[in-house]
Amino acid sequence: MNCRNLIAKLILPAFLFLFATTALAQTKTITGKVTDVNGTRLPGATVTAKGQNVTVATNENGDYSITVPASTTRLIFTSVGFGMQEVAISGNTVNVTLRVDVANLGEVVVVGYGTQRRKDLTASIVTVTAEDFNKGPIVSPEQLIAGKVAGVQITPGSGIPGGGSRIRVRGSASLDASNNPLIVIDGVPLEDAGISGSANPLAMINPNDIESFNILKDASATAIYGSRGTNGVIIITTKKGRSAKLRVDYSSMVSRAKRIEVVDVLSADEFRALVKSKTNATQQSFLGNANTNWQELIYRTAWSHDHNISLSGGIPNIPYRFSLGYVDQQGILRTSEMDRKSASLSVSPSFFDNHLRVELNVRASETENDFANEGAISSAVGFDPTQPVRATNRYGGYFEWLDPTSGLPNNNAYKNPLGLLYQRSDKSTVQRAIGNIQFDYKFHFLPELRAIVNVGSDRADGRGTVTVPKEAASNFRDSGFFNRYYQRRKNDLLDAYFNYNRDMERIGRVDFTAGYGYQTWEQENPRVPRVNAFGTVIDSSFYYKAEHTLISFYGRLNYTFMDRYILHASVRRDGSSRFHPDNRWGTFPSVAVAWRMKEESFLKNSNIFSDMKLRFSYGVTGQQEGIGNYEYFPRYTYSAGTAQYQFGNLFYPTIRPEEYDRDLKWESTSTYNAGLDLGFLGGKIGFSTDVFRKSTKDLLGFVAVPAGSNLSNFVVTNVGELETKGIEFTLNLNPIRTKKFSWESNFNITFLEAEVQKLTLIPDTTGKYTVARGGISGGVGNMIQALRVGHTPYAFQVYKQVYDASGKPIQGLYADMNGDGVVNTDDRYLYKSPEPKSYMGFSTQLNYLGWNLAFTLRGSFGNYMYNNISSNNVQSNITSTTNFLNNLHRSALEANFTNNQYFSDYYLENASFLKADNISLGYDLGRLLKKQGMTARLSATVYNAFIITDYSGLDPEISGGIDNNLYPRPRTVSVGFNLGF
């Protein structure tokens with residue numbers, strides 16, 4: 001046998017066998033399944049070998065099989081609606097559980113125009129998810145996070161059904177312009193304006209559809225929103241579908257609300273005794289024989305119910321979620337009620353092997369309101385308790401005080417509280433639809449580059465009627481009235497941007513975004529005349545339409561080196577139609593750095609510290625909200641219906657010029673922020689603190705101008721400067737987490753200080769220039785607050801009350817503050833503030849087996865309240881009246897004032913408080929049918945459980961610091977049931 005044959009028969013087959021064996025040994029096959037946290041298998045999930053161009057998808061049962069090079073050590077799992085999971089390969093089987101893609105549950109945080117890894121953040125951003133939301137009968141989204149975030153103060157407006165709240169992020173940055181944060185829902189920024197017929201535009205959004213809030217607080221985070229980021233940004237992410245089997249969730253809650261207290265006025269017997277001791281025989285003859293508690297009559301026990309159902313799931317690559325909601329909320333003030341029906345749809349398909357992801361969100365609601373006449377609240381406080389409710393007369397059978405000469409209702413007297421409620425019908429219907437569609441395309445030839453286009457729209461229509469019959473005493477002279485109103489608002493959005501995100505190991509991680517934005521707003525008020533009961537026009541409105549547009553260019557760079565040194569920079573250029581073309585464009589930059597010290601060698605292996613990061617940032621943001629759309633150019637407007645000229649039987653309106661300022665420009669705020677984030681013991685303890693300073697210049701203010709210098713005595717212009725500084729602390733505790741028991745808590749506290757630094761275009765050398773603010777009830781044009789350089793905004797401007805030896809205030813005797821020997825208006829001084837020096841929140845949650853106990857406390861400290869109810873009640877309310885009697889607040893007997901002392905600091909009270917917002921107890925019934933994945937839960941909640949305060953009024957939590965007959969907030973007890981399968 002020759003050599004060639006030997007090779008062919010022996011050596012060549014052996015070589016081929018060796019080659020094939022080697023080739024097979026260079027690959028390996030991994031199998032497994034992908035499920036969600038409930039154990040439901042996920043079809044269509046993507047499995048990728050890290051660092052390799054090998055990708056497969058799970059089958060309809062959630063199973064996969066992937067053959068990868070032998071050197072592959074990790075697999076990456078993704079699915080639409082879930083967070084990415086990277087898993088090390090250990091063996092030939094790798095099973096993975098994916099969690100819903102909620103920012104706080106993973107490493108991704110929602111920011112403006114995209115997301116960021118939490119560990120790469122340089123800004124002050126806080127996330128609150130559904131697991132941490134406040135519990136109870138919540139109908140407006142912002143109430144879900146009250147007390148949860150340092151630097152965020154949420155003050156409920158009143159007890160009106162569906163009522164809104166005042167939201168402040170790190171205090172106020174403006175004086176007369178808006179101080180409300182920008183709210184973004186699924187990428188659609190909402191307009192900072194309400195809609196006619198709605199007590200709260202946010203209440204038209206079903207809180208049950210919300211998955212998470214991301215609150216952007218410092219300019220490093222908000223500057224990407226430029227002219228709208230000064231007051232912070234709240235990004236709301238709604239619930240989305242998942243690529244899984246159909247799941248149905250139903251929740252139901254029934255609530256009972258009751259007033260807590262009433263204003264402390266004299267009873268009928270006490271009032272009779274006082275009248276007999278203080279008045280003459282004529283006035284005493286007005287006393288009645290009844291014992292009427294008017295406040296008891298105008299309030300009621302209110303019942304509400306809230307129902308929600310959602311269907312979520314999907315076929316491969318097309319997750320969906322559809323929900324319906326219905327809430328009917330009675331108010332404790334009779335005749336007030338809110339009824340809301342809502343629906344939402346979210347569809348998130350993906351195409352081309354997940355290179356193109358489409359997200360469609362649509363939500364709509366219809367809210368029907370019955371508004372009570374809140375004038376009944378003050379009437380119930382002041383109406384004579386010795387008079388009956390009913391009387392035989394032509395005013396609907398309600399007792400009323402009449403003028404003895406004309407026999408008509410007395411204009412100076414309170415009207416019958418029940419007549420005010422039942423002789424007025426104020427109904428509205430508000431429809432709103434918010435939707436957007438977003439296309440997110442990852443380029444095939446360069447997967448690190450994505451193109452995102454977001455198109456959104458917000459439509460609202462509000463219409464209503466107000467009817468007062470001709471026999472009602474409140475409008476008897478006009479023979480009643482019928483008024484219709486209608487308003488339309490629309491908000492359209494286009495955002496288009498590129499994002500390049502690449503991790504280049506040795507060089508670092510780069511995340512760059514650049515884009516263009518266009519948003520336009522339009523408001524339309526059709527002409528609707530106001531007529532009396534006989535059809536006669538008594539007032540006429542005019543057709544009104546206004547619109548404004550914002551065009552933007554923006555960019556952002558995040559660079560992370562060695563996973564520890566982080567640089568952030570952003571810039572946005574906005575052009576607004578609200579300003580003259582010469583001043584239309586504003587540029588808003590920011591820069592920030594962070595150092596993750598935990599990644600340094602001296603801390604990397606520490607068993608004590610699980611995280612340590614230092615953050616520093618600076619940025620400039622703008623302001624254009626809170627002013628009109630046409631303040632910069634000459635314009636003419638129609639006169640009011642009461643200022644028309646009569647020619648024959650016809651009335652003609654006048655057309656008159658309005659004030660304007662051609663040089664009006666952006667208000668701008670510069671913010672410095674320094675922060676420290678710490679984690680201990682594997683994340684069981686988390687601590688963060690931020691120190692910040694905000695300086696606002698070119699304040700948009702409505703100020704007085706010299707006579708003849710403009711077409712009005714007041715004009716909107718840029719004047720003044722304001723500085724706000726503070727420090728925030730947040731402590732998160734998760735000390736115990738076992739199979740049977742877990743405990744987690746959050747404590748946050750914020751210290752704030754604000755000061756007006758400039759109020760005039762020309763420097764005020766006297767330091768005494770003062771702008772009056774804070775109108776009060778009583779007198780004509782009385783204002784109790786003021787703005788002055790060197791002082792807290794809206795400090796109370798009052799006289800210093802002098803007291804006798806027994807501690808009683810001496811009527812009309814005030815301190816001579818300037819020492820000139822005369823007590824006059826120059827002696828009014830600025831004292832205290834309606835805003836707190838500090839506010840805090842504390843929440844905790846304990847879980848034991850199937851039981852769950854949670855509560856939230858909020859506190860406000862150092863804020864003062866002007867008690868306008870007390871200052872309006874003095875003994876002259878009885879002695880100086882003619883032909884009628886008024887009841888008194890009990891404080892009138894303590895002060896013993898015979899005449900009103902509106903500007904005495906006697907009526908300023910410390911309104912600090914500690915309040916339990918909610919206490920909730922729940923029990924998880926477990927999986928009733930484990931194979932079907934059915935879950936059920938029962939819960940009970942007390943909302944507005946208790947309050948600790950020294951304030952003598954009904955409620956110390958009133959934004960603005962002036963207490964004048966607030967619609968009281970009730971205490972509510974709720975029982976809820978949740979079912980899922």
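Residues numbered from 1 in each chain as written. Predicted model: local features only at pLDDT ≥ 70, side-chain atom pairs only at ≥ 80, totals over all residues. Heavy atoms only, no water.

Let us now look at the environment of S577. Positionally, S577 belongs in the loop between β30 (565-576) and β31 (585-596). S577 sits 412 residues away from S165 along the chain, and the two C-alpha atoms are 29 Å apart. Apart from the residues within four sequence positions on either side, S577 is in contact with H548, T549, R584, N629 and Y632. Here T549 takes part through its backbone nitrogen, which lies 2.8 Å from a polar atom of the side chain of S577. (Helix = DSSP H or I, 4+ residues; strand = E, 2+ residues; numbered from the N terminus. Contact = heavy atoms within 4.5 Å. Polar contact = N/O pair within 3.5 Å; in protein donor to acceptor, adjacent residues only side chain to side chain.)

Moving on to the sheet that holds strand β51 (residues 864-867). Overall, mixed pairing links the three strands, which are arranged β52-β51-β55 in an open sheet. Strands at the two margins of the open sheet, each flanked by one partner only, are β52 (908-910) and β55 (962-963). (Pairing = 2+ DSSP bridges.)

Below, the discussion takes up the pattern of salt bridges. Once the charged atoms of two side chains with opposite charge are near each other, the side chains can pair. Under the definition given, this model contains 46 salt bridges. Here K119 and D563 are joined by a salt bridge, their closest N and O atoms 3.4 Å apart. Residue K119 is found in the loop between β9 (114-117) and β10 (125-129), and its partner D563 is found in the loop between β29 (544-561) and β30; the two are separated by 444 residues along the sequence. Judged by relative accessible area, K119 falls into the partly exposed class, the value being 26%. Residue D563 is classed as partly exposed on the basis of its relative accessible area of 28%. The network of salt bridges with shared partners includes R858, K915, D917, D955, E957 and R969. (Salt bridge = Lys/Arg side-chain N within 4 Å of Asp/Glu carboxyl O. Buried < 20%, exposed > 50% of the residue type's maximum accessible area, 1.4 Å probe, protein only.)

Here we take up helix α6 (residues 375-382). Most of α6 is tucked away: six of the eight residues are buried. Along α6, the positions that sit buried rather than exposed are A376, I377, S379, A380, V381 and G382.

Attention now goes to the sheet that holds strand β43 (residues 770-775). Reading across from one edge, β43-β44-β45-β48 is the order of the four strands in this open sheet, with antiparallel pairing throughout. Two strands close off the open sheet at either side, each with one partner strand: β43 and β48 (829-831). Each neighbouring strand pair of the sheet contributes to a mean axis angle of 45 degrees, computed without reference to strand direction. (Axes fitted to C-alpha atoms, helices over the stretch in contact; angles between N-to-C directions.)

Take a nonpolar patch on the surface next. A surface patch of nonpolar side chains, amounting to about 1,000 Å² of accessible area, comprises Y848, L849, W851, L853, I919, L921, Y923, L925, L938, F946 and I948. Of all the secondary-structure elements, those providing two or more residues to the nonpolar patch are β50 (851-861), β53 (913-924) and β54 (935-949). Inspection of the secondary structure puts F946 in strand β54. When its relative accessible area of 34% is taken as the criterion, F946 is described as partly exposed. (Patch = residues over 30% accessible without salt bridge, like charges linked within 9 Å, V, L, I, M, F, W, Y side chains within 5 Å. Areas by Shrake-Rupley, 256 points an atom, 1.4 Å probe, with all protein chains shown as cover.)

Take empty space enclosed by the protein next. For the structure shown, the criterion picks out 14 cavities of 30 Å³ or more. Lining of the largest cavity is provided by 34 residues; of these, Q143, S158, Q329, Y943 and P970 occupy positions nearest its centre. Counting only elements with at least two residues in the lining of the largest cavity, the list comes to β11 (152-156), β17 (247-258), β18 (302-315), β19 (318-330), β53 and β54. Residue classes in the lining of the largest cavity are distributed as twelve nonpolar, 17 polar and five charged. By volume, the second largest cavity amounts to about 220 Å³. Around the second largest cavity sit 26 residues that line it, and Q153, T155, S860, F913 and E957 are the ones nearest its centre. Those elements that place two or more of their residues in the lining of the second largest cavity are β11, β49 (838-848), β50 and β51. Looking at the lining of the second largest cavity element by element, the count peaks at four residues for β11. (1 Å grid on protein atoms, 1.4 Å probe; cavity = no way out; pocket = protein on both sides within 12 Å on 5 of 7 lines; lining within 4 Å. Points joined across faces, edges and corners; volume = space filled by probe spheres on them. Nonpolar A, V, L, I, M, F, W, Y, C, P; charged D, E, K, R; others polar.)

Using the criterion set out here, one finds 29 aromatic pairs in the structure. Pairing Y516 with F553 gives two aromatic rings, centres 5.3 Å apart and planes at 55 degrees, and the pair type is tilted. Pair noted here: Y516 is in strand β26 (residues 508-525) and F553 is in strand β29, with a separation of 37 residues, a long-range link. Accessibility expressed as a relative area gives 44% for F553, which makes it partly exposed. Consider the rings of Y618 and Y672, whose centres lie 4.7 Å apart with planes at 45 degrees: the pair is tilted. Note that Y618 is positioned in strand β32 (residues 609-623) and Y672 in strand β37 (residues 667-680), a separation of 54 residues in sequence. (Phe/Tyr/Trp six-rings, centres within 6.5 Å; stacked < 30°, edge-to-face > 60°.)

With a phi angle near 60 degrees, R170 is a residue other than glycine that sits in the positive phi range. Here R170 is to be found in the loop between β12 (165-169) and β13 (182-185). With phi around 60 degrees, N965 is a residue other than glycine that occupies positive phi space. Note on placement: N965 falls in the loop between β55 and β56 (971-980).

Of the voids in this model, the second largest pocket is the one considered here, and its volume is about 740 Å³. Around the second largest pocket, the lining comprises 31 residues; the ones closest to its centre are A754, T792, P793, S833 and E835. Counting residues per element, the ones that place at least two in the lining of the second largest pocket are β12, β41 (721-737) and β42 (741-758). For the lining of the second largest pocket, the leading source of residues is β42, giving four residues. For the lining of the second largest pocket, the class distribution of residues is eleven nonpolar, twelve polar and eight charged.

A word on the side chain of T520. Here T520 lies in strand β26. Look at T520 and you get buried, because its relative accessible area is 16%. A distance of 3.3 Å separates polar atoms of two side chains, one belonging to T520 and the other to T549. In contact with T520, not counting residues within four places along its chain, are K490, N491, D492, H548 and T549.

Further remarks concern the nonpolar core. Counting 33 residues, the largest nonpolar core has F271, I298, L333, W401, L421 and I878 as its most contacted members. Of all the secondary structure elements, the ones that give two or more residues to this core are α3 (268-278), α5 (294-298), α6 and α7 (417-422). Not counting chain neighbours up to four residues away, the residues in contact with F271 comprise L266, L287, D384, P385, T386, I878, L885, N886 and N887. Core analysis: the next-biggest nonpolar cluster, separate from the first, contains 25 residues, V128, I154, L190 and I205 among them. (Core = buried A, V, L, I, M, F, W, Y, C linked by side-chain atoms within 4.5 Å.)

Our focus in this paragraph is the confidence of the model for the protein chain. Summing up the model confidence of the protein chain, the mean pLDDT is 88 and the portion of residues at 70 or higher is 93%. Residue range residues 10-25 is modelled with pLDDT below 50. Its contacts to residues more than four positions away, or to other chains, number five contacts. (pLDDT = per-residue confidence, 0-100.)

Time to look at the environment of S65. Considering the arrangement of structural elements, one finds S65 in strand β4 (residues 63-69). Between the C-alpha atom of S65 and that of S406, which follows or precedes it by 341 residues, the distance is 94 Å.

Attention now goes to the pairing of strand β24 (residues 449-468). Look at any regular strand and the pattern is simple: side chains alternate between the two faces of the sheet. Examined bridge by bridge, strand β23 (residues 425-442) and β24 share 18 bridges and lie antiparallel to one another. Its bridge partner being in β24, R432 is matched across the sheet by A460. Between β23 and the antiparallel strand that follows it, β24, lie six residues. Two strands pair when backbone bridges link them, and β24 and strand β25 (residues 481-504) are joined in this way by 20 bridges, in the antiparallel orientation. Within the sheet, the bridge partner assigned to I452 lies in β25 and is Y497.

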